[in-house]
Amino acid sequence: MKTLTEVSGSTKEFISLRPKLSLKFYCIWVFLSLLPQLVFAASTPESICLQLTMASTSSNTLEVNVSSINFKTLVIDNGSEPIPQYPFHVFCPKSLMFVLPEDPKDLLEVLMKVNSTQGMFTSLIKMYDALLTDGLKHQTREIDAQINKDVVSEVVVYTGIIEEYADAGKTKEALTVFKRMLLFDVTPNAYTYSVLIKALAADPDPSSVGLAKDFVLEMMHKGMQPNARTYTAVFEAFAGHEKMEEAKQFLDEIKANGFVADRKAMKAMRHVLKGSKGHVVRTIADILFDDPEDYSDYSDDDDDDVIKKISKEMDWSRFPPDSYLSFCKKQIIENDPENPKDLEDVFDTMRKADPVTFTMARMINMLRKDGFMSQAEEIFVKMDLDRYIPEVVTHTGVIEIYAKAYEAKEALKVFVRMLSLGVTPNAYTYSVLIKGLTKDPNFLGDAKKYTLEMMDKGMQPNARTYIAVFKAFARLKDFKVEKGKEFLKEMKAKGFVPKKKAVMEVLKGKKGHVVKTVINILFGK
């Protein structure tokens, strides 16, 4: 039951609660629930006003009279400093102003936790971070529009409550609140779905994974693609309950709605499951990919210890860890429609200490290891002379960022732009570019072109680089071996000789027809 009463031009909301316990006990419980959250500064008219009133009604109903909330004089109970003024106030959605028979018993308690200053900002930050990470900026704009009106979007409050229940392992309650928000026409966003789906997938009840699957398909029908954490959670649940056939059927359904089980998906899944071991991980890979080894990526992580050692040897002590480096030039990004997307932001990222340090360390490590000592030495000479990080380092780092994000087209644009600015690529630059191009079959021609160009400049590609190229040939549908061997002839004409020991080291532990095809192309076996 909800009543709206106009009093002196202001609207007062009445929360009507029908408790199972005595009215007196329930009133005390509500007051004690609120007491730890807030201390009211009554000295100013702008302080929060909250009243608990008893209503003598035959329905034995407690009415809580709540007027407008303002945080200008809010003080936390632990004696901390007053909270700064915020551009909006926390509010309780009208749809939560009364109780439904199926509501969780502790809904009011959870609502007050989420509706606190700390709870609301936590919910907002989590939602913003997830939506922006997944490229759903338009959904954050909808929240912004509400904040500009001095209110918090109802979807933030509801999702916060669902997440509280999910984190507590109360899947049934989380699902009940989700249904409640739909009942009151509150539209869930991608993050809402993700929180609910992961909760259902983690639930020990085998039937919950079916609901998780249904909600994945529902969000996809609404134009929202689930992120890796979301769909991996569902496949992990299928694997845990040994529902292989249902998992395969689910894969077919999400593929029909736009999901692509490619190398990017494999990498994302591995990132989510990083540190996990056992048959469940192998089962998920087997469900998603016909031959998981065919999607195995090259990795430069083998030399992490060496890279960290080189990084430590550099004197970055006078720069805070996350500061911009004064001797890393600020790039002037011209207004060119051919520029890669977000180019200025990526360059700014590269100017920070950690990214440029590790890019330089990886570059020096590979150049030294592959015998390009003069190119490694040139980096230090330029730093001593110009007092700047060489442009080849920052540009290569930007190329690498796009390449690792499977943006082959953008990586190539950065490389072409780099050449137009007179920056000379070194062997590491070519390696990063070529491996990035091989990730997209549409750019295999470009990968071949720059491999030969690299060799024309007297730089032989290392095993990781040329294996990436021949893996791309191995993934072709037709004439993969013939086309691969034809390119091998072109390379051999420029002095290339495949090194079997190096190849076997890179392919160590890997299986599948792609690996077999690469060996066949290179060594005829």
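Since we're looking at a predicted model, the values are computed, not measured.

**Comments concerning helix α9 (residues 228–240)**
Okay, step 1: In this model α9 runs 18 Å from its N-terminal to its C-terminal C-alpha over 13 residues, within 8% of the 18 Å that 1.5 Å per residue would give.
Okay, step 2: Counting buried positions along α9 yields 10 of 13 residues, so the element is predominantly enclosed.
Okay, step 3: A positive phi of about 55° marks E242, the residue just after α9.

**Describing the nonpolar core**
Okay, step 1: Of all hydrophobic cores here, the largest spans 66 residues; its most connected members are I161, F235, I254 and F259.
Okay, step 2: With near-sequence residues (within four places) excluded, I161 lies in contact with L96, L107, V110, L111, V114 and V177.
Okay, step 3: Of all hydrophobic cores here, the second largest spans 63 residues; its members include V392, L412, M454 and M459.

**Considering empty space enclosed by the protein**
Take a probe with the size of a water molecule and roll it over the atoms, and the empty space left behind shows itself.
Okay, step 1: Under the counting rule described, the total for this entry stands at two cavities of 30 Å³ or more.
Okay, step 2: Roughly 70 Å³ of internal volume is contained in the second largest cavity.
Okay, step 3: Lining of the second largest cavity is provided by A130, L131, D134, L136, A190, Y191, S194, M219, Q225, P226, N227 and T230.
Okay, step 4: Elements represented by at least two residues in the lining of the second largest cavity include exactly α3 (117–133) and α7 (190–202).
Okay, step 5: Tallying contributions element by element places α7 first for the lining of the second largest cavity, with three residues.
Okay, step 6: For the lining of the second largest cavity, the per-class residue count stands at seven nonpolar, four polar and one charged.

**Comments concerning the pattern of salt bridges**
Okay, step 1: Going through the model one piece at a time under the given rule, you end up with 10 salt bridges.
Okay, step 2: Its salt-bridge partner being E164, residue K113 comes within 3.1 Å of it at the nearest N-O pair. Here the residue K113 occupies a position in helix α2 (residues 107–114), and E164 occupies one in helix α5 (residues 154–167), the gap between them amounting to 51 residues.
Okay, step 3: We classify E164 as partly exposed; its relative accessible area is 27%.
Okay, step 4: Residue K213 is joined to E253 by a salt bridge in which the shortest nitrogen-to-oxygen separation is 4.0 Å. Remark: E253 occurs in helix α10 (residues 244–256) and K213 occurs in helix α8 (residues 208–221); sequence separation between them is 40 residues.
Okay, step 5: Looking at K213, the relative accessible area reads 19%, which means it is buried.
Okay, step 6: Overall, E253 belongs to the partly exposed group, its relative accessible area being 26%.

Cut-off values and rules
- Residues numbered from 1 in each chain as written.
- Predicted model: local features only at pLDDT ≥ 70, side-chain atom pairs only at ≥ 80, totals over all residues.
- Heavy atoms only, no water.
- Helix = DSSP H or I, 4+ residues; strand = E, 2+ residues; numbered from the N terminus.
- Expected span 1.5 Å × (residues − 1).
- Buried < 20%, exposed > 50% of the residue type's maximum accessible area, 1.4 Å probe, protein only.
- Core = buried A, V, L, I, M, F, W, Y, C linked by side-chain atoms within 4.5 Å.
- Contact = heavy atoms within 4.5 Å.
- 1 Å grid on protein atoms, 1.4 Å probe; cavity = no way out; pocket = protein on both sides within 12 Å on 5 of 7 lines; lining within 4 Å.
- Points joined across faces, edges and corners; volume = space filled by probe spheres on them.
- Nonpolar A, V, L, I, M, F, W, Y, C, P; charged D, E, K, R; others polar.
- Salt bridge = Lys/Arg side-chain N within 4 Å of Asp/Glu carboxyl O.

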